[in-house]
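# Structural description and commentary
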Amino acid sequence: MSRHALVVNSGSSSIKFQLVDPSKDATEPPYVSGLVERIGEDNGTIVLKVGGEKIEVTEPISDHADGLDKAFKLMDDNGCGPHSVEIAAVGHRVVHGGKLFSKPQLIDDQIVEMIRDLIPLAPLHNPANIVGIEEARKLLPDVPHVAVFDTGFFHDMPPAAALYPINAEVAAKHDIRRYGFHGTSHEYVSGQVPELLGKDPREVNQITLHLGNGASAAAVRGGLAVDTSMGLTPLAGLMMGTRTGDIDPGIIFHLYRQGMSIDEIDNLCNRQSGLKGVSGVNDFRILQERMDDNDPDAWAAYQMYVHQLRRYIGSYMLILGRLDAITFTAGVGENHVGIRRDSMAELENFGIKIDPERNAGPNDGPRLISADDSTVKVFVVPTNEELAIAQYAMAYAH
Ligand code: ADP
C-alpha cells in the first residue's frame, strides 16, 4: 500500500486537508481532499472529495478538535481515513515563521512554543495553525508532524531587500522587516523552471508571479529569493482580490485622523479594497464578465492590477540584472489569458514576447507561453503547495 502524507492547513474557522502520495506525478489530483468549514457554528460542514466522488456532511462542529476528529471519521467511513490508509507524516502549513524559521521543522513542544511566540506578527493565522498542529498531534501521535512556513523561502533575502528604512531601534524591538509570504509556492514553482529551461538551477535568474486571491511577486537568483512584494504582513505589494497591496502609509494616518478606527482601517485595507474595493467584485471570472459588459469600474480595477504587476516585473528585472524566465502561477496566473498578455505587452525591447496561441492554450501542466524569439522565456507553472508540503513532511517519515 502506498504511503501518504496528510497536509493540514488550519485557519481561524476552517481546516483544509489533503492526503497526498508525494511519489506521484504533480498533475494527478490528491487521493483525498477535504474542507471543514464554519467551525464553532451549528451549521458546520465537512466536504470530502475521494477520487471523483464528493461527500458532504452538515452538523454542528464545536471546535478544531471536533472538526478534525469528525473529518477523520468521515474519511474512515469512506475507506480513506487513518485506520485504512497509512499516513506516514503530517505536514502543517504555518503562515509566519518570523526570523526563527527558514526551513521546515519537525514539530515538538518547543517548536510549537516558538510558533506561539510569533503570534504578534500573525495574530489571525498563527493561533489557528497552532490549534491544527496540537489537535492533529493528539489524533496521530505516532507519526512525525512537520511545520512548513510560508515565510521560509524569503528568510535569507539580502538585507537591502529585507529591511525597511524605518528607525533601526524600533525595527529591532518589534521585529519589523520584510518577511514575504506564499514562499512554498514561489519555491515550488521557481524550482521547476531550470528544468524547463534546460539550465543549471544555480545559473537561472527568474521572476515568479503568484496571482491568486492573494498575490505576490518574487525575484529569484540561482534558487535563492532576493526580493518579494509582500512585507511584514501579506498586505503589501501587488493589488489583490480584496487587499490594497502597496499604498502610501500616510493614507492610514490620514484616515485615522479623519475618525476611522485602526480596526476599521485594517478591515478596509485587507477586506474591502483591491479589485473588490474598486469594482465591487474580487473574483477574476466575474470581473472579466463585467469587463465584457463594458463596466468602467471593472476596467479601472483591471488596469490598476496590470499596472501594479508591470511595476514589480520591471523593478525585479533591474534587481536581477539578467533575466531568464518569468513564470505565472495560482488561480489568476494559471487561468487568465488576458492578465498574462497585458502584463507582458510591448516588452519586446526587453526581450519579452508572448506567443498568443501558446498563451491561450489549456492549463494542463507546466508550459511555455513565450515566442521562440523571446530571449526571456515566459511560463505557466501550476502551483501545488500541498504537494510541496507533503514532500517536506515525507522526508521525516520513518
Ligand atoms: P488562493 O489565493 O485562495 O489560493 P487561488 O490560487 O485559488 O486563490 O486563486 C483564486 C482566484 O483565481 C479567484 O479569485 C479567481 O478569480 C481566479 N480564477 C480561478 N479560476 C479562474 C479562471 N478559470 N479564469 C480566471 N480566473 C480564475
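Here, residues in each chain are numbered from 1, in the same order as that chain's written sequence. Note on the predicted model: pLDDT of at least 70 is required for a residue's local features to be given, and 80 or more for side-chain atom pairs to be given and counted; whole-chain, interface and lining totals, by contrast, use all residues. Hydrogens and waters are ignored; side-chain quantities use all the structure's heavy atoms.

## Focus: the site of the ligand
Our working definition: Here a residue is considered near a molecule or strand provided that any single heavy atom belonging to it is located within 4 Å of it. Polar contacts, as used here, are pairs of N or O atoms within 3.5 Å; protein pairs need one atom able to donate a hydrogen and one able to accept it. Residues neighboring in sequence count only if both atoms are side-chain atoms. Strands are runs of DSSP state E lasting at least two residues, helices are runs of H or I lasting at least four, and both sets are numbered from the N terminus onward. In this classification, Asp, Glu, Lys and Arg are treated as charged, Ala, Val, Leu, Ile, Met, Phe, Trp, Tyr, Cys and Pro as nonpolar, and every other residue, Gly included, as polar.
Taken together, the neighbourhood of the ligand is formed by Gly212, Asn213, Gly214, Asn282, Asp283, Phe284, Arg285, Ala330, Gly331, Val332, Asn335 and His336. For the ligand, an oxygen atom lies 2.9 Å from a polar atom in the backbone of Gly331. Contacts to the ligand include Asn335, whose side-chain N or O atom sits 3.5 Å from a nitrogen atom. Those elements giving two or more residues to the shell around the ligand turn out to be α10 (284–292) and α12 (330–335). Take the shell around the ligand: its biggest share by element is four residues, from α12. Looking at the shell around the ligand residue by residue, the class counts come to three nonpolar, seven polar and two charged.

## Observations concerning the UniProt feature "site: Transition state stabilizer" (unreviewed entry) in the protein chain
What counts here: UniProt positions are given in the numbering used here, feature names are shortened, and annotations may be inferred rather than shown by experiment. Buried means the residue's accessible area, taken with a 1.4 Å probe over protein chains only, is under 20% of the maximum for its type, while exposed means over 50%, and partly exposed covers the values in between.
Mapped onto the present numbering, the UniProt feature "site: Transition state stabilizer" (unreviewed entry) falls at His182 and Arg243. Checked against the element boundaries, His182 lands in the loop between α5 (168–174) and α6 (183–197). The class for His182 is buried, based on a relative accessible area of 11%. Its location among the elements puts Arg243 in the loop between β11 (224–228) and α7 (250–257). Among the residues examined, Arg243 registers a relative accessible area of 21% and is labelled partly exposed.

## What about the pairing of strand β10 (residues 215–221)?
To keep things clear, this is the line we draw: Strands are treated as partners if at least two bridges between them are detected by DSSP.
With respect to burial, β10 is a largely interior element, six of its seven residues being buried. Between the antiparallel neighbours strand β9 (residues 205–211) and β10 lie three residues. Here β10 runs beside β11; their pairing, made up of four bridges, is antiparallel. Looking at the pairing, Val220 lines up with Ala225 of β11. Hairpin connection of β10 to β11: two residues between the antiparallel strands, including Gly222 at a positive phi of 55°.

## Regarding the sheet that holds strand β4 (residues 45–50)
Where we set the bar: Should any heavy atoms of two residues lie within 4.5 Å, those residues are considered in contact. Simply put, an axis is a line fit to the C-alpha atoms, just over the touching stretch for a helix, and the angle between two N-to-C directions goes from 0 to 180 degrees.
The eight strands lie next to each other as β5-β4-β3-β2-β1-β6-β8-β7, forming an open sheet whose pairing is mixed. Each edge of the open sheet is held by one strand with a lone partner, namely β5 (53–58) and β7 (105–106). Relative to strand β6 (residues 87–94), strand β1 (residues 4–10) runs parallel, the two sharing five bridges. Directly across from Ala5, in β6, lies its bridge partner Ala89. Strands β1, β6 and β8 (145–149) of the sheet are contacted by helix α3 (residues 125–139), whose axis makes an angle of about 165° with β6.

## Some points on unusual backbone geometry
For Asn294, which is not a glycine, the phi torsion comes out positive at approximately 60°. Along the polypeptide, Asn294 turns up in the loop between α10 and α11 (296–320). Of note in this structure, Ala330 is not a glycine but carries a positive phi near 75°. Here Ala330 shows up in helix α12. Given the relative accessible area of 6%, Ala330 is considered buried.

## Some words on the nonpolar core
Most often, soluble globular proteins have nonpolar side chains that are buried together. Here is the rule we go by: Nonpolar cores are built from buried Ala, Val, Leu, Ile, Met, Phe, Trp, Tyr and Cys residues. Side-chain atoms within 4.5 Å join them into one set.
Within the largest apolar cluster, 42 residues are counted, with the highest numbers of intra-cluster contacts made by Leu211, Tyr305, Ile326 and Ile339. Residue assignment for this core shows that the elements contributing at least two residues are β9, β10, α10, α11, β12 (325–329) and β14 (377–380). With 11 residues, α11 is the largest single contributor of residues to this core. Setting aside residues up to four positions removed in sequence, Tyr305 forms contacts with Leu211, Ala215, Met239, Leu275, Phe284, Val332 and Ile339. Counting 25 residues, the second-largest nonpolar core is a separate cluster that includes Val8, Val85, Ala136 and Leu140.

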